[in-house]
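Here are the chains, one letter per residue:
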Amino acid sequence: MSNMTLEETKALIQEVLEAYPDKARKDRAKHLAANDQSVEQSKKCIISNRKSQPGVMTIRGCAYAGSKGVVWGPIKDMVHISHGPVGCGAYSRAGRRNYYTGHTGVNTFGTMNFTSDFQEKDIVFGGDKKLEKLIDEIEQLFPLVKGVSVQSECPIGLIGDDIEAVAKKKTKEHGKPVVPVRCEGFRGVSQSLGHHIANDAIRDHVLGNRDDQAFESTPYDVAIIGDYNIGGDAWSSRILLEEMGLRVVAQWSGDGTLPEMELTPKVKLNLIHCYRSMNYISRYMEEKYSIPWMEYNFFGPTKIAESLRKIAAFFDETIQANAEKVIEKYQAEYEAVIAKYRPRLEGKKVMLYVGGLRPRHVIGAYEDLGMEVVGTGYEFAHNDDYDRTIKEVDNATLLYDDVTGYEFEEFVKRVKPDLIGSGIKEKYIFQKMGVPFRQMHSWDYSGPYHGYDGFAIFARDMDMTVNNPCWNSMQAPWLKPAAAETEATAASA
Ligand code: SF4
């Protein structure tokens, strides 16, 4: 049960909307809703994937962030050039904590920053020559690199550089894929279009590369798609699939490689964790190579068991029996985690605001610990994400799409959650307000959270955040009495 009735949630939304001028109010009203499980299609209650209102504090990223930061960046044996001025690459470097193995700077490049560092003259006269030189230097300095992707920042599209021609020329000269990605930040309304553009570039420049090559396949070949190995997530997922007897041929894109991507069309089943960022390529492989795909959820024991059984049902009885054995093997372990943490977390309310899959995927893990998600929303969802969310949360739960800074703060003041799970941009505001907070994009420097191993860490992290004594000892700086503030300023002067 949500802690508010349907009427109360609707009234809260109306009250928060009051602060906006007419036009903005009308627009934002479409993005806020009280959940109604009877609705079959979410577009009847919430609108998503629309341009943010000018003047509001949106938390979204850009198309470049979606392509370089999410889809391409973690492919570790390629160099991903942030093509354009230096800032976009510098500020997006290694921020998502995509763990990988290998020797950085020798055969892996995940945490390095490569940029064409555009200057004024490149904007005026074009940067294609500079890009060519950069690709040659990369080949010279890092001979083990398997390929290069060119991640376009805004100016590249604006000045009309022909990165496709450069990529074609250099692919031929070096005999390695050079992939042009037209993910300029101004495209689309959020990072979501960047995911799509990145998927399309993989389709056009990677997937068919080994179509004519022989491959020793097994009936149990699968690919993990849309796991970015944040804090080791894909590793703790892969263990379970392998223990079931499946062979993981490819892992996209956390700790992933170019050969793995090229071999994916040979698998029997694509397993998708982040549907939002990778559904495009999975649908393409279904169409071109007849590979079925299936969504799964490895957050928390309830969803893990459900997913393992769903995956196993695709295969024979041996795999199905193995799935049961895997669930049984970890039972004592996850029951002990629940026995330890559930009494400390039971009944605690959570508000989420995250990206691709987490606003709905982590709900089960919180429920395993006796916690309740009372509000959730996505930065860059489409309506098929909300279609999937409606059934996961109770009626009257607050739903917010592309929530603004103002709305989120007001909702939190009224709903009074015991925990907020969101990103770095929200973290310090809510912490200063005295509300326990976890970063649910990067796991707050912790993780993994996927799989049974990840659940133990997830439960520990939620407990140490919610039950940390510091929250009762602090007062938001803006609520401190003015006199005390003046005294403090005088004393420090
Ligand atoms: S919007 Fe453009 S300039 Fe800004 S980070 Fe994205 S690519 Fe770079």
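This is a predicted model, so every value here is computed, not measured. (Residues numbered from 1 in each chain as written. Predicted model: local features only at pLDDT ≥ 70, side-chain atom pairs only at ≥ 80, totals over all residues. Heavy atoms only, no water.)

Notes on the packing of aromatic side chains
Counting across every chain of the model gives 23 aromatic pairs. Three or more aromatic residues joined by ring pairs form one cluster here, namely F299, Y366, W443, Y449, F455 and F458. Positioned above the aromatic ring of Y275 is the side chain of R388, whose terminal nitrogen or guanidinium carbon lies 3.9 Å from the ring centre. (Phe/Tyr/Trp six-rings, centres within 6.5 Å; stacked < 30°, edge-to-face > 60°. Lys NZ or Arg CZ within 6 Å of the ring centre and 35° of its normal.)

Looking at the UniProt feature "domain: Nitrogenase/oxidoreductase component" (unreviewed entry) in the chain
Taking the UniProt record as the reference, the feature "domain: Nitrogenase/oxidoreductase component" (unreviewed entry) is found at residues 62-466. From the first C-alpha to the last, residues 62-466 spans 32 Å; its make-up is 49% helix and 14% strand. (UniProt positions renumbered as here; feature names shortened; annotations may be inferred. Helix = DSSP H or I, 4+ residues; strand = E, 2+ residues; numbered from the N terminus.)

Quick look at the site of the ligand
Looking at the ligand, the residues that line it are C62, Y64, C88, E153, C154 and G185. Looking at the shell around the ligand residue by residue, the classes come out as four nonpolar, one polar and one charged. (Near = heavy atom within 4 Å. Nonpolar A, V, L, I, M, F, W, Y, C, P; charged D, E, K, R; others polar.)

Observations concerning the sheet that holds strand β2 (residues 78-83)
If you trace the four strands from one edge of the open sheet to the other, you get β3-β2-β4-β5, paired in parallel fashion. Whereas interior strands pair on both sides, the edge strands pair on one side only; in this sheet they are β3 (114-115) and β5 (178-181). Both β2 and β3 contribute to a ladder of two bridges, which runs parallel. By the bridge assignment for β3, S82 is matched with T115. (Pairing = 2+ DSSP bridges.)

Overview of a nonpolar patch on the surface
A cluster of nonpolar side chains, namely I123, V124 and F125, defines an oily patch on the protein surface of about 340 Å² accessible area. Inspection of the secondary structure assignment puts I123 in helix α5 (residues 120-125). (Patch = residues over 30% accessible without salt bridge, like charges linked within 9 Å, V, L, I, M, F, W, Y side chains within 5 Å. Areas by Shrake-Rupley, 256 points an atom, 1.4 Å probe, with all protein chains shown as cover. Salt bridge = Lys/Arg side-chain N within 4 Å of Asp/Glu carboxyl O.)

Examining the nonpolar core
Counting residues in each nonpolar core, the largest one holds 96 residues, and the members touching the most others are W72, W252, I311 and Y366. Among the elements that line this core, the one with the most residues is helix α14 (residues 317-345), at 10 residues. For W72, the contacting residues outside a window of four places in its chain are S67, M78, H80, S149, Q151, V179, V181, A198, A201, I202, V206 and M261. Counting residues in each nonpolar core, the second largest holds 23 residues, with L32, V374, V403 and I420 among its members. (Core = buried A, V, L, I, M, F, W, Y, C linked by side-chain atoms within 4.5 Å. Buried < 20%, exposed > 50% of the residue type's maximum accessible area, 1.4 Å probe, protein only. Contact = heavy atoms within 4.5 Å.)

With respect to the environment of M464
With respect to the helices and strands, the residue M464 is situated in helix α20 (residues 451-466). Spatially, the C-alpha atoms of M464 and R344 are 9.9 Å apart, while their sequence positions differ by 120 residues.

Brief notes about the domain arrangement of the chain
On domain assignment, one finds that the chain holds domain 1 (1-60 + 341-493), domain 2 (63-210) and domain 3 (221-325). The C-alpha centroid of domain 2 is placed 33 Å from the C-alpha centroid of domain 1. On the domain 2 side, the residues contacting the 11 residues of domain 1 number six residues. A buried area of about 760 Å², summed over both sides, lies between domain 1 and domain 2, and 51% of it is on carbon and sulfur atoms. Among the residues of domain 1 in contact with domain 2, R60, F380 and S442 are the three that bury the most area, contributing 52% of the side total. Taken together, the connections running from domain 1 to domain 2 amount to zero salt bridges. (Domains from an automatic or database assignment. Buried area = accessible area lost by both parts, 1.4 Å probe.)

Looking at helix α13 (residues 301-312)
End to end, α13 covers 16 Å across 12 residues, agreeing with the expected 16 Å (1.5 Å per residue, within 8%). All of the buried residues along α13 are P301, K303, I304, A305, S307, L308, I311 and A312. Turning to α13, the residues buried within the fold contact α10 (233-243), β8 (269-272), β9 (293-295), α14, α16 (363-368) and α20. (Expected span 1.5 Å × (residues − 1).)

Quick notes on the pattern of salt bridges
The final tally for this structure, using the stated rule, is 38 salt bridges. One salt bridge connects R28 with E407, and the closest N-O pair in it is separated by 2.7 Å. With R28 in helix α2 (residues 22-29) and E407 in helix α18 (residues 405-415), the pair connects residues that are 379 residues apart, well separated along the chain. Its relative accessible area of 3% is what places R28 among the buried residues. For E407, a relative accessible area of 0% corresponds to the buried category. Between E262 and R210 there is a salt bridge, with its nearest N and O atoms 2.8 Å apart.

As for the packing of helix α9 (residues 191-205) against helix α12 (residues 275-289)
Between α9 and α12, the least distance of the axes is 8 Å, while the angle of their chain directions is 30 degrees. It follows from the interaxial angle that α9 and α12 lie roughly parallel. Once α9 is placed against α12, the crossing between them reads as right-handed. On α12, the residues touching S192, H195, H196, N199, I202 and R203 of α9 are R276, S277, M278, N279, Y280, I281 and Y284. The residue makeup of the contact of α9 with α12, split by class, is five nonpolar, six polar and two charged. (Axes fitted to C-alpha atoms, helices over the stretch in contact; angles between N-to-C directions. Parallel < 35°, antiparallel > 145°, perpendicular 65-115°, else oblique. Left-handed = near helix turned anticlockwise from the far one by under 90°.)

Here's the deal with the sheet that holds strand β10 (residues 349-352)
Pairing in this open sheet of six strands is mixed, and the strands run β1-β12-β11-β10-β13-β14 from one edge to the other. Of all strands in the sheet, those bounded by a partner on one side alone are β1 (32-34) and β14 (437-439). Mean inter-strand twist for the sheet, computed between neighbouring axes without regard to direction, equals 25 degrees. Two strands pair when backbone bridges link them, and β1 and strand β12 (residues 398-400) are joined in this way by three bridges, in the antiparallel orientation. The residue bridging A33 from the neighbouring strand is L399, located in β12. Packed on one face of the sheet, α20 meets β13 (419-422) and β14 and runs near 145 degrees to β14.

Side note on the packing of helix α3 (residues 63-72) against α9
Two elements in contact, α3 and α9, have axes separated by 6 Å at closest approach and are oriented at 55 degrees. With respect to their mutual orientation, α3 and α9 come out oblique. By crossing handedness, the relation of α3 to α9 is classed as right-handed. Of the residues in α9, those touching α3 at A63, G66, S67, V70, V71 and W72 are Q191, G194, H195, A198, N199, A201 and I202. Taken together, the residues of the contact of α3 with α9 break down into seven nonpolar, six polar and no charged.

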